[in-house]
Amino acid sequence: MTVNHQPLLTQADLLKRGLADLQEHDAELAQILDAEVARQQRTLSLVASCCAVKPRTLAASSSVLVNVTAEGVPGRRYHAGCENVDLVESLAIQRARQLFGAQYAGVQSHSASSANYSVLAALLEPGDTLLGMALDNGGHLTHGSPVTFSGTYYNAIGYGTTKEGLIDYDEVRRLALEHRPRLIICGATAYSRVVDFDRFRRIADEAGAILMADISHIAGLVATGRHPSPIDAAHVTTTCTHKQLAGPRGGLILSGRDANEKVPGRDVTFARVLELAVFPRMQGAPAVNMMAAKAAALGYAMTPEFDAEMQRIRDAADVMASEFQARDYEVVGGRSENHTILIRLRANMTGAIAEAALEHCGIVVNKNRIPGETRSSFVTSGLRIGTGALAQRHIDAQGCRQIVDLLCRILDQVTPQGDNEFTLDPALRKQFCAEAEALCVKYPIADYLAN
């Protein structure tokens with residue numbers, strides 16, 4: 001019997017065939033995806049939590065690794081057929097450790113939130129006390145918000161900021177000594193200044209607490225030395241891979257000098273506890289294709305191009321913060337030392353209206369709660385602006401000034417009608433859209449995506 005051996009397909013063959021099949025057999029979905037590609041090129045994204053991924057990362061996330069079930073860790077799987085999965089995960093781990101100078105790295109978490117919850121579940125018992133940054137002062141939902149698992153399963157205490165919008169380290173120490181938390185969380189989601197991780201560690205040691213740092217919003221700056229690193233200051237560090245690292249939706253768990261030390265009160269190391277924290281404690285099989293995409297993004301993060309991108313993030317944040325202040329907007333914290341500018345809107349303007357009006361004009365931002373917030377999370381009194389996507393477009397200082405000018409002119413022409421409704425002259429809206437699109441043409445994201 002003669003067997004005709006067909007040549008084996010490659011990853012490139014499958015991706016090419018998949019795009020063709022999608023366009024031929026599911027035109028409805030293909031059109032939506034194409035429309036999103038166009039939207040991202042034609043609108044200015046000032047969203048602090050998003051960056052565009054490189055095509056290499058998109059390709060890795062679309063790999064045939066999605067077909068593999070791989071519960072466990074490299075060399076210790078519960079399923080066969082994982083020899084290439086082991087190589088991919090080991091590569092992602094190696095790159096994460098190298099990039100951040102960590103002794104331990106876990107790359108299986110589906111998101112930074114799931115990474116945070118995995119760490120909490122591994123290190124705390126139900127009802128234990130944790131101390132985290134209050135949501136209104138820049139913290140994250142997973143840091144102890146009462147509407148989440150972290151705020152209901154544990155006794156969550158919140159610390160805040162001073163009237164100047166800076167972390168109140170004296171309050172952190174007072175609360176830590178008063179409540180003796182098992183764990184302290186530092187790091188933020190809407191905070192524009194440098195976090196003093198060493199000071200947090202001194203407070204944690206004095207209170208007998210474990211310190212966890214969440215660097216989801218500043219991971220790229222930490223990796224390139226533009227923000228102090230918590231890797232050796234905190235017992236555990238978590239981050240997502242889709243913000244400054246411009247990777248897939250996913251999380252990392254890292255540990256530095258404490259990785260091989262025993263968890264206080266337990267005869268087991270942090271590294272071993274963290275390894276078991278994700279699987280089997282909180283997750284099933286990892287998304288192996290996303291681990292490949294993480295490896296691709298971490299590889300890019302080691303290049304000179306990424307380093308230059310992080311400098312552009314900082315430069316743009318400095319310029320934009322100064323421009324907002326020149327237009328009499330309060331920048332919470334006084335200035336930006338990372339990629340975030342948190343501004344307090346004027347009294348009659350809400351975050352919900354500002355966000356919607358700007359989106360109608362081709363600029364995407366986030367409404368955000370601010371210190372002393374009196375409005376709900378669905379309305380808010382502030383805007384959170386990030387410069388990550390602007391850095392990818394190579395927008396220079398002049399471009400940053402033009403964007404702030406356009407944004408402020410739009411808000412000046414908006415007439416609020418309550419908390420959520422507004423009016424804006426259609427002719428002005430058309431003009432503003434044209435100006436935003438002209439900036440997108442002048443500073444195309446396509447150049448970043450093509451390289």
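Here the structure is a predicted model, which means the values were calculated and not measured.

Rules behind the numbers
Residues numbered from 1 in each chain as written. Predicted model: local features only at pLDDT ≥ 70, side-chain atom pairs only at ≥ 80, totals over all residues. Heavy atoms only, no water. Helix = DSSP H or I, 4+ residues; strand = E, 2+ residues; numbered from the N terminus. Expected span 1.5 Å × (residues − 1). Pairing = 2+ DSSP bridges. Axes fitted to C-alpha atoms, helices over the stretch in contact; angles between N-to-C directions. UniProt positions renumbered as here; feature names shortened; annotations may be inferred. Buried < 20%, exposed > 50% of the residue type's maximum accessible area, 1.4 Å probe, protein only. Contact = heavy atoms within 4.5 Å. Polar contact = N/O pair within 3.5 Å; in protein donor to acceptor, adjacent residues only side chain to side chain.

(A) Up close: helix α12 (residues 304-326). Taking 1.5 Å of rise per residue, 23 residues should cover 33 Å, and α12 covers 33 Å from first to last C-alpha, within 8% of that figure. Immediately beyond the C-terminal end of α12, within one or two residues, lies Asp328, with a positive phi of roughly 65 degrees.

(B) Summary view of the sheet that holds strand β10 (residues 251-255). The mixed open sheet is built from seven strands, whose spatial order is β4-β10-β9-β8-β7-β5-β6. Two strands bound the open sheet, and with one partner strand each, they are β4 (104-106) and β6 (155-159). For this sheet, the mean inter-axis angle between neighbouring strands, taken without regard to orientation, is 20 degrees. For β4 and β10, the ladder comprises three bridges, and the chain directions are antiparallel. Its bridge partner being in β10, Tyr104 is matched across the sheet by Ser255.

(C) Just the UniProt feature "site: Plays an important role in substrate specificity" (unreviewed entry) in the protein chain, in detail. The residues that UniProt annotates with the feature "site: Plays an important role in substrate specificity" (unreviewed entry) are His242. Its place among the elements puts His242 in the loop between β9 (236-240) and β10. Exposure remark for His242: the relative accessible area of 11% places this residue in the buried category. Those residues within four positions of His242 in sequence are excluded, and the remaining contacts are Ser49, Cys50, Cys51, Gly247, Pro248, Arg249 and Gly250. Polar contacts involving the side chain of His242 include one to the side chain of Arg249, which spans 3.1 Å.

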